[in-house]
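# Examining the three-dimensional arrangement
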Amino acid sequence: MTLIGLAYNQKPEPTELASPLPEGGRQEDGELARPDEEPPSKIVDLTIAALIARDEFAEWDAPATIAAVVSALSPLGKVVRLEANEEFPERLRQARPDIVFNIAEGFRGVNREAHVPAICEFYGIPYTGSDPFTLTLCLDKARAKETLAFHGIPTPRFAVVAELNEIESRTADLKLPLFVKPLHEGSSKGITDRNLCWDRSQLLAQAKLLLEHYRQPGLVEEYLPGEEFTCAVLGNGDEATVLPIVGMIFEALPTGALPIYGFDAKFVWDRPENPLDIFQCPARITSELRASIERVTLDAFRVLGCRDWARIDVRLDAAGTPNVLEVNPLPGILPDPADNSCMPKAARAAGIGYEELIQSCLKFGAARQGVILDHTRARTRAAANEPALASGLT
Ligand SMILES: Nc1ncnc2c1ncn2[C@@H]1O[C@H](COP(=O)(O)OP(=O)(O)O)[C@@H](O)[C@H]1O
Ligand SMILES: [Mg+2]
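Since this is a predicted model, take the numbers as computed values, not measurements. (Residues numbered from 1 in each chain as written. Chains lettered and ligands numbered in written order. Predicted model: local features only at pLDDT ≥ 70, side-chain atom pairs only at ≥ 80, totals over all residues.)

This brings us to the sheet that holds strand E2 (residues 78-83). Overall, parallel pairing links the three strands, which are arranged E2-E1-E3 in an open sheet. Edge positions in the sheet fall to E2 and strand E3 (99-102), since each of these pairs with one other strand and no more. Going across the sheet, the axis of each strand differs from the next one's by a mean of 30°, ignoring polarity. Relative to E2, strand E1 (residues 3-8) runs parallel, the two sharing six bridges. The partner of Leu-3 across the bridge, within E2, is Lys-78. (Pairing = 2+ DSSP bridges. Helix = DSSP H or I, 4+ residues; strand = E, 2+ residues; numbered from the N terminus. Axes fitted to C-alpha atoms, helices over the stretch in contact; angles between N-to-C directions.)

Pasting the structure below:
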């Protein structure tokens, strides 16, 4: 029987957090202030400590996601859970699975997403998804943008600032308005409406806040005023396919919110019991625009060396040209449709259910590395005789 190791990081229960954020957050003056209806300007007034407390584990997976992935993988082999904590290397060495299904976001430093795949490589154990280099490259948004720019793939002009006193000189050539964000984060950590800066003094203030509290350089980019999309890719090489494009409908955000898919839009205003109707999938756009978004998406996937799957954020500039904002080689995969997770949503629009999505990623990874999976009754694109996604499926 094929042994499949599942490498993951599990979100701590709220009660396990050292300094949990009181329900609804706390404002600078110490008064509790939540609410859903509260205008965005109030919400971004959270103290930065509270901001960090609420987003520290945003990238990690909830028990329900891990359980759903285990259940999806089970028809293809025996699944052993390998939490990516300090015992991971030894547990991996002892379990010696035939392949590791990697969804671990890691927990320390700017190479954190690379740790699990690097350890797998050290032991010569096959794993799914991108390699350590690509994972680290994409987690440094500026280095990833350098690669994109070298290959002629549109991405906003930018500067990296590690110290406040270099902001003025480094960003002098960039055109206002500017968008500032942490260099090495994902899951909208540190992204609020305040990151959009209309003048240099606002940029200085917001950059100061991010530099101090995320303790990493800031990425300052020219702001793209156009529509935004996120594009899921499944497969490899010539067979890599863009699933139906997800469009963002920013009108669905609370009144006064800017057209930014930030932390509040992702986690605060969008709740399973009251989902935010922000996505349209497939996005209703012209076939020309769809083709050009797909082209830029697949080009980015290829030049950054992504494998098996990824999700790529694209936004239009003032001229309507699709630009790549960032590449996520470890896409979010929340199983409950009410959670509005974009990769499963795009798959569903293509008629690919959650289990089939997870199994497809495993099969693409296994096929690349010559790993034989258990024979299965699991439905796959290949079984459904749909050639677009058939490569790599056994
Ligand atoms: N240069 C930019 N121009 C316009 N909006 C931006 C820009 N950079 C980021 N954003 C907005 O912020 C959101 C989060 O930025 P992103 O780089 O994708 O971070 P994350 O890794 O947290 O998803 C984007 O989805 C977009 O709405
Ligand atoms: Mg993003």
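We are not done yet, so read on.
Time to look at the nonpolar core. By size, the foremost hydrophobic cluster in this structure holds 87 residues, and its most contacted members are Leu-73 and Val-233. Take this core: its biggest share by element is seven residues, from helix H13 (residues 354-369). With sequence-adjacent residues up to four places away left out, Leu-73 is seen in contact with Ile-4, Leu-6, Val-79, Phe-101, Ile-358 and Leu-362. Counting residues in hydrophobic clusters, the runner-up holds 19 residues, among them Ala-159, Cys-197, Leu-203 and Ala-207. (Core = buried A, V, L, I, M, F, W, Y, C linked by C-beta atoms within 7 Å. Buried ≥ 20, exposed ≤ 12 C-beta atoms within 10 Å, placed from the backbone. Contact = placed C-beta atoms within 7 Å.)

What follows is about the sheet that holds strand E6 (residues 196-197). Read across the sheet, four strands follow the order E4-E7-E5-E6 without closing on themselves; strand pairing throughout is antiparallel. Lying at the two open borders of the sheet, with one neighbouring strand each, are strand E4 (158-161) and E6. Summarising the sheet, strand E5 (residues 178-182) and strand E7 (residues 218-222) pair through five bridges and their orientation is antiparallel. Pairing of Leu-178 across the sheet is with Glu-222, part of E7.

All right, on to the environment of Met-1 then. Structurally, Met-1 can be placed in the segment before E1. Separated by 373 residues in the primary sequence, Met-1 and Asp-374 place their C-alpha atoms 6.3 Å from one another. Excluding anything up to four places from it in sequence, Met-1 contacts Gly-77, Lys-78 and Asp-374.

In this section: the site of ligand 1. Looking at ligand 1, there are 20 residues lining it, with Phe-179, Ser-188, Glu-221, Leu-224 and Tyr-261 nearest. Elements with a contribution of two residues or more to the shell around ligand 1: E5, strand E12 (309-316) and strand E13 (322-328). Looking at the shell around ligand 1, its residues break down into eight nonpolar, four polar and eight charged. (Near = placed C-beta within 6 Å. Nonpolar A, V, L, I, M, F, W, Y, C, P; charged D, E, K, R; others polar.)

Helical geometry note: an α-helix holds 3.6 residues per turn, so side chains three or four residues apart project in the same direction. If you check helix H9 (residues 200-214), its first and last C-alpha atoms are 21 Å apart, about what 15 residues at 1.5 Å a residue would give, namely 21 Å. Among the residues of H9, those classed as buried are Leu-203, Gln-206, Ala-207, Leu-210, Leu-211 and Tyr-214. Along the long axis of H9, the arc covered by the buried residues comes to 135°, so they all point the same way. Turned more than 90 degrees away from the buried face of H9, the exposed residues are Ser-201, Ala-205 and Glu-212. Buried residues belonging to H9 abut E4, helix H8 (167-171), E5, E6 and E7. Arg-215 sits one or two positions beyond H9 and adopts a positive phi of about 45°. (Expected span 1.5 Å × (residues − 1). Arc of directions from axis to C-beta.)

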